[in-house]
Amino acid sequence: MAKKRASKSSRGRGRTSQARGLSRRLLSLFLKLSLLGLVIVGVGLIYLDAQVRAKFEGKRWALPAKVYARPLELYPGQLLNRDDLKLELQGLGYRFVQRATAPGMVEWASSRARIHTRGFEFPDGAESARTLLLEFNGKTLQQIRDDSGRTVSLTRLEPILVGGIYPQDNEDRDLIRLEDAPPYLKEALIEVEDRNYYEHAGISLRGISRAMWVNLQAGRFVQGGSTLTQQLIKNFYLTSERSLARKLMEIPMALLLDMHYDKDEILEAYLNEVYLGQSGSRAVHGFGLASQYYFAQPINELDLHQVALLAGLVKGPSYYDPRRNPERAKARRDLVLKILQEQGVITLQQRTQAERKGLGVVQQRSLHKGAYPAYLDLVKRQLREEYPQEVLSSEGLKVFTSLNPVVQANSENALSDRIERLRKRFGASMSALQGAMVVTDPQTGEVLAMVGGRNARYQGFNRALDARRPIGSLVKPAVYLAALEQGYTLASQIDDDAISVKMPNGDEWRPQNFDRTGHGVVPLHQALAHSYNQSTARLGMDVGVGRVVDMLQRLGYERDAKPFPSLLLGAEAMSPVEVTQLYQTLAANGFRIPLRAIRLVTDAEGAELSRYPFQIKQVVAAEMVHLIQYAMQEVAREGTARSIYSRLPQVLNVAGKTGTSDDQRDSWFAGFAGNRLAVVWLGLDNNAPLPFTGSGGALQAWIDLMQWEKPHPFMAVRPEQIEYEWIEDSTGLLSAAYCEGARQIPFVAGSQPEGHAACADNQVERTLDWFRQWFR
């Protein structure tokens with residue numbers, strides 16, 4: 001019995017010993033796992049800390065390059081249309097008020113304007129914000145005075161921001177500093193989103209507890225209890241996904257961020273990071289850009305009711321979108337105003353006044369800086385020749401261009417209005433009619449405007465750059481220039497009868513005039529003015545197609561043109577911008593000036609990186625160009641473009657050429673005045689025939705533009721070796737002023753005809769010397 005009790009006692013002690021051993025092993029395992037967990041957590045915190053600090057102290061955002069239009073210069077004596085000035089100010093987002101008391105405001109009267117400018121940091125020096133009084137006398141800016149009454153000899157408005165070059169995520173933002181934020185923005189964010197922001201350490205335990213209770217009741221994750229710091233962590237480092245894992249990651253990162261950085265520095269980052277809307281495919285981040293997107297104003301010019309609306313949007317930019325849901329947005333804005341008043345930030349009177357105001361949101365849904373896609377496309381292509389895409393989309397470069405917003409607006413209106421008229425006139429067959437326009441300054445080669453299609457805001461196929469279409473008779477000035485270089489004169493008699501050219505493959509090329517009629521022997525200048533195909537083909541074949549190709553390349557055509565006879569009548573396909581380069585050289589007296597859209601590029605701080613200076617090279621003798629300019633003026637006065645002077649004043653001297661491709665598939669006009677050159681193309685993307693020619697389509701759009709622009713007349717420079725002689729057109733022989741059928745024609749000295757026409761003294765004088773008055 002005693003042995004049995006001893007045996008049971010021994011077994012009990014064994015079990016106790018085993019239990020203690022198991023407990024010790026479990027405790028040891030727990031301690032080891034805890035230590036491992038602490039190590040993992042420590043390593044994780046160290047990693048998170050490194051991540052938080054690296055991004056916050058490094059380049060926080062990929063900043064797109066900003067592209068600016070040319071600044072409008074103002075000076076006494078300037079010819080300035082008040083409507084154009086008003087359009088410029090509207091594009092800059094100036095507000096027209098009864099009293100201009102702050103930057104971005106304008107007082108507008110019948111003969112004067114008071115502008116409170118914003119100022120701008122130009123690369124060549126700062127233009128300070130100030131009040132300017134502009135006095136007009138008709139269409140002339142007569143005087144400029146500052147607010148002290150002193151005369152201002154020259155000043156500049158800030159340039160319109162017309163676009164950017166964005167990173168792959170398509171995020172866009174205009175960075176602001178906390179001290180530049182408008183009154184009440186900081187207070188509104190804190191009172192509405194995180195009232196204890198300056199007291200907590202990055203997270204709010206009360207907010208987290210409240211959110212946990214709401215989530216438990218809902219049975220799903222519906223509320224986050226985030227502080228402003230946590231919201232910044234979510235947007236800046238993590239994702240917007242609603243999950244427990246993201247929330248658990250957010251808390252330690254918020255604590256680390258708050259531990260390392262000043263509260264105001266964190267709040268400034270929040271102002272620039274928070275998502276506040278969507279402009280097409282581009283996300284609107286930060287209050288700086290949101291101010292432009294919703295109000296078309298810089299953020300420092302916002303009033304209380306506008307600030308309250310932006311602060312209210314933080315909770316849900318889509319749900320409270322003021323354009324789609326104005327009543328919902330107003331209720332949210334008024335709630336923000338109520339909270340500000342209850343917390344003593346604003347008075348009851350301020351709240352009441354702000355609540356009475358409308359939302360003040362501009363109707364245009366897209367940012368103004370997306371308004372010029374065709375021009376921006378040209379700028380991007382020129383920039384990519386020098387800068388990699390990553391630099392353009394992330395380093396915050398500033399690109400200053402020659403875009404003239406007024407000329408751009410006039411070009412868009414001229415093209416779209418003319419297309420609409422043609423669609424109405426010709427019906428359904430022209431419902432898909434398209435067009436493109438390029439406008440330059442013929443004296444500098446700067447591109448002032450570019451329209452890529454009838455919908456100028458469409459960011460798709462840019463016909464001004466990429467629509468390569470046969471140019472038709474626009475090639476003829478090159479053909480005639482090549483002939484003039486080979487000894488022909490404007491008075492040379494050329495045959496316009498039918499011509500047949502045998503091709504290498506045995507086929508025959510038989511060009512015809514537009515009217516299907518030969519005109520016999522005609523003077524060379526008349527063949528160009530009336531765009532005769534048969535005489536042009538005969539002339540080109542005599543000169544040689546190779547010489548015409550060479551002339552095209554000297555004028556600025558950079559592709560390899562096919563030297564077929566059909567090239568002489570415009571079978572070569574070019575884009576409108578390529579045609580513009582050719583005519584730029586013709587307008588510049590034979591000096592090739594490469595087209596340029598960019599003037600200057602600086603870094604984000606304003607230091608100059610690249611300058612695109614005026615370049616010039618003489619490629620055709622000035623004497624030869626003078627002769628072709630004479631003939632191109634005749635095109636406008638008496639030839640295929642003579643409808644110009646049914647709508648433009650006779651004193652406005654212009655030169656140009658119409659163009660219509662085979663089967664009437666393309667309508668072209670290229671022409672220039674003293675300070676404007678424009679090329680217009682009209683056609684169908686499916687290459688179907690048109691019911692109008694270059695004269696009936698593109699030319700009319702060109703005239704529409706010139707009516708808006710009111711350019712200076714073209715005044716051709718007369719080279720020393722040019723002499724004018726009276727010529728009998730029908731024979732090409734020397735004549736006299738009093739002879740019938742005589743006209744003054746320029747010649748290179750020594751190339752005048754030697755024979756004289758028979759002319760009686762009593763013949764009637766014909767005064768066709770209108771050309772000569774424009775040549776100096």
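Residues numbered from 1 in each chain as written. Predicted model: local features only at pLDDT ≥ 70, side-chain atom pairs only at ≥ 80, totals over all residues. Heavy atoms only, no water.

## Comments concerning the packing of aromatic side chains
On inspection of all chains with the given rule, the structure shows 11 aromatic pairs. Here the aromatic rings of Phe-96 and Trp-108 are separated by 5.7 Å at their centres, their planes lie at 75°, and the arrangement is edge-to-face. With Phe-96 in strand β4 (residues 95-96) and Trp-108 in strand β5 (residues 105-108), this pair connects stretches of sequence that are 12 residues apart. Between Tyr-293 and Tyr-294, the ring centres sit 4.7 Å apart and the planes meet at 65°, which makes this aromatic pair edge-to-face. (Phe/Tyr/Trp six-rings, centres within 6.5 Å; stacked < 30°, edge-to-face > 60°. Helix = DSSP H or I, 4+ residues; strand = E, 2+ residues; numbered from the N terminus.)

## So, the sheet that holds strand β17 (residues 434-440)
The antiparallel open sheet is built from five strands, whose spatial order is β18-β17-β31-β30-β29. At either margin of the open sheet sits one strand with a lone partner, and together these are β18 (447-451) and β29 (655-660). Neighbour to neighbour, the strand axes of the sheet diverge by 5° on average, direction disregarded. Two elements, β17 and β18, share four bridges in a ladder whose sense is antiparallel. Paired with Thr-440 across the bridge in β18 is Val-447. (Pairing = 2+ DSSP bridges. Axes fitted to C-alpha atoms, helices over the stretch in contact; angles between N-to-C directions.)

## Considerations on the pattern of salt bridges
For the coordinates displayed, the defined rule picks out 44 salt bridges. Of the charged contacts in the structure, one is a salt bridge between Lys-186 and Asp-264, with a shortest N-O distance of 3.6 Å. Highlighted residues: Lys-186 in helix α3 (residues 185-193) and Asp-264 in helix α7 (residues 263-273), separated in sequence by 78 residues. A salt bridge links Lys-338 to Glu-342, with the shortest nitrogen-to-oxygen separation between them at 2.6 Å. Highlighted residues: Lys-338 and Glu-342, both in helix α10 (residues 326-342), separated by four residues, approximately one helical turn. Here the residues in one salt-bridge network are Asp-124, Glu-127, Arg-130 and Arg-156, joined through shared partners. (Salt bridge = Lys/Arg side-chain N within 4 Å of Asp/Glu carboxyl O.)

## Some words on the environment of Trp-108
Since its relative accessible area comes to 26%, Trp-108 is described here as partly exposed. Those residues within four positions of Trp-108 in sequence are excluded, and the remaining contacts are Arg-82, Leu-85, Lys-86, Leu-89, Phe-96 and Ala-113. (Buried < 20%, exposed > 50% of the residue type's maximum accessible area, 1.4 Å probe, protein only. Contact = heavy atoms within 4.5 Å.)

## Observations concerning the confidence of the model for the chain
Mean pLDDT for the chain: 87, with 85% of residues reaching 70 or above. Scored below 50 in pLDDT, residues 760-772 makes 32 contacts in the model with residues more than four places away or belonging to other chains. (pLDDT = per-residue confidence, 0-100.)

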